[in-house]
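A look at the structure
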Amino acid sequence: MSRKIWVLDTTLRDGEQVPGAKLNVQQKVEFARQLQQLHVDMIEAGFPASSAGDFQAVQEIARTVGRGISVTALARAVKNDIDSVYESIKLAENPFIHIVLGTSNIHVEKKFSRSRDAVLEMGVDAVKYARTLLPEVQYSTEDASRSEFEYLWRTIEAVVKAGATIINIPDTVGYAVPEEFGELIRKIHERLKNLNDRVMLSVHCHNDLGMATANTLSAIKNGAEKVECTINGLGERAGNTSLEEIAMALKVRESFYQSHTDLNLKEIMRTSRLLTYLTGLDVQVNKAITGENAFAHSSGIHQDGLLKNKEVYEIMSPEDVGVESMELVLTARSGRHAFKHVMEKLGFYAGSTDEFEGLFAAFLRMADDKKEVYDHDVFALLSAARKQSEGSSQLYELESLRVVTDDEAPTATVKLKREGVSLEDTRSGDGPIDALYGTIRALTGLEVELLDYKINSMSRGKEALGRVHIRLKHQGNIYTGKAMDTDIIKASAQAFINGINAVLLDT
């Protein structure tokens, strides 16, 4: 029988410790609302004793989203911290206090400069005091994976008897390996159930050796009932356990783990994109589940297999996590099957083998030049090659552009071509990209809203290729546009035009 795994999201506490990821109160509340849509069970909203701003943010999250979701915040094992947590979360429907204190020799001897017994007594006193404020208290044995087991267990036993209702086992510095961590959790789970079977066993893993997800899954297999994660694996140093990886591993391999979450999986991608937008920290393109290429296939062999049956190279559906659809990114390595699939999707059919081979050769030349080929590129290629009766492409082509930027009025002059007719206009804007996109909007007459604008360097040196990736909204639908060029302004213009053309292909 499948058992439920409780999910605590600590993006707003542990994830925010990443340099540059600091959010203001409004942003934190916005993200917490999205976590509510994702159906996480618990939110760790911050470290309220650290600053007045963090206290205010935790308090506002508890007030606004603390119905149906448990809310907690972090406290060291001192009275002032515990008071700050209580005052900030008490408005939530199911608040609990989270206390952390180290148990490894290096923490006890170097960080606290106290004896083991003195540190253990600090933890017991903290739990006893927290229980006078709230009935639910989580105790984290910091650096548990490097702790001597009998002292670790003696600490767990003491704080449970003092009133702790959740025991959290952190791999604080990402030191553990799956077999070792699983065995640690198995031993603690067996003893804990004999001590008090109502106490929940939790884990919190870091990714310093790239094993946070593997360690967390091993812990689940060995009795852990709750996991602490962050969206996109965000966290200091190499990050935390990735929530989306755990969620989808349990979905795809439920028969193996005999476990599941109550997460609304279709909100995963929306949550990931919101976090990227709020923090400005991009997800690596090949990141599992939420990376830009997680459901993209450019290998000809892979594309051929996918077109025959998606299960050949996909173990989960992109729609499961809120991705619009599988994307076949055509490159010079793409085979005839993939190219023919895109042709037919666009309503074109090769009349003969020779005709198809000619079109495929033209596609390969385009792929060598552009590196990545999208539907609108194929549409333009096929339209020109077939010399359709209307005489020219129905899509927009960039003929030329000139952007002038200064402190007063950045302007852009753009010349487009559609159906053999050249169109030209000049507009001003708040900046060069705003002027450029405003001019293209005016020329095309399409009311589109720019949702995301992202630039990545695809190579090194002064001739490095810049890749621009945008998302547009038109009449409630989302469209993407991408382009690469050594001139980032030109790539920005082409990406926007590609997004406009994607709209036209859909109408």
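Residues numbered from 1 in each chain as written. Predicted model: local features only at pLDDT ≥ 70, side-chain atom pairs only at ≥ 80, totals over all residues. Heavy atoms only, no water.

The name given to the chain in an unreviewed UniProt entry is 2-isopropylmalate synthase, with Paenibacillus brevis as the source organism. The chain has a UniProt comment under Catalytic activity (unreviewed entry) that states "3-methyl-2-oxobutanoate + acetyl-CoA + H2O = (2S)-2-isopropylmalate + CoA + H(+)". Annotation of the chain in UniProt includes, under Function (unreviewed entry), the sentence "Catalyzes the condensation of the acetyl group of acetyl-CoA with 3-methyl-2-oxobutanoate (2-ketoisovalerate) to form 3-carboxy-3-hydroxy-4-methylpentanoate (2-isopropylmalate)." (UniProt positions renumbered as here; feature names shortened; annotations may be inferred.)

Describing the pattern of salt bridges
In this structure the tally under the stated criterion is 27 salt bridges. Notably, a salt bridge pairs K161 with E157, separated by 3.8 Å at the nearest N-O pair. A residue pair is termed a helical-turn pair when its members lie 3 or 4 positions apart in one helix, as K161 and E157 do in helix α6 (residues 149–162) at four residues. Here E228 and K226 are joined by a salt bridge, their closest N and O atoms 2.8 Å apart. Note on accessibility: E228 and K226 belong to one class, buried. If you follow the salt bridges from partner to partner, you end up with K4, D41 and D262 in one network. (Salt bridge = Lys/Arg side-chain N within 4 Å of Asp/Glu carboxyl O. Helix = DSSP H or I, 4+ residues; strand = E, 2+ residues; numbered from the N terminus. Buried < 20%, exposed > 50% of the residue type's maximum accessible area, 1.4 Å probe, protein only.)

Section: the UniProt feature "binding site: Mn(2+)" (unreviewed entry) in the chain
UniProt annotation of "binding site: Mn(2+)" (unreviewed entry) refers to D14, H204, H206 and N240 when read in the numbering used here. Taking the farthest pair of C-alpha atoms as the criterion, the annotated set spanning 227 residues converges on one region, since that pair is 10.4 Å apart. From the list above, the second largest pocket is lined by D14, H204 and H206. As for its position among the elements, H204 is in strand β8 (residues 200–205). Residue classification places H204 among the buried positions, given a relative accessible area of 5%. In contact with H204, other than residues within four places in its own chain, are T10, R13, D14, N168, I169, P170, D171, E228 and N240. For N240, the location among the structural elements is in the loop between β9 (226–229) and α9 (243–252). Ignoring sequence-local partners within four residues, the contact set of N240 consists of T10, D14, H204, C205, H206, N207, A212, T230, G233, L234 and G235. There is a polar contact of 3.0 Å between the side chain of N240 and the side chain of D14. (1 Å grid on protein atoms, 1.4 Å probe; cavity = no way out; pocket = protein on both sides within 12 Å on 5 of 7 lines; lining within 4 Å. Contact = heavy atoms within 4.5 Å. Polar contact = N/O pair within 3.5 Å; in protein donor to acceptor, adjacent residues only side chain to side chain.)

So, helix α16 (residues 432–444)
Its 13 residues place the ends of α16 19 Å apart at the C-alpha level, agreeing with the 18 Å of an ideal helix rising 1.5 Å per residue. Burial in α16 covers these residues: I433, A435, L436, Y437, T439, I440, L443 and T444. (Expected span 1.5 Å × (residues − 1).)

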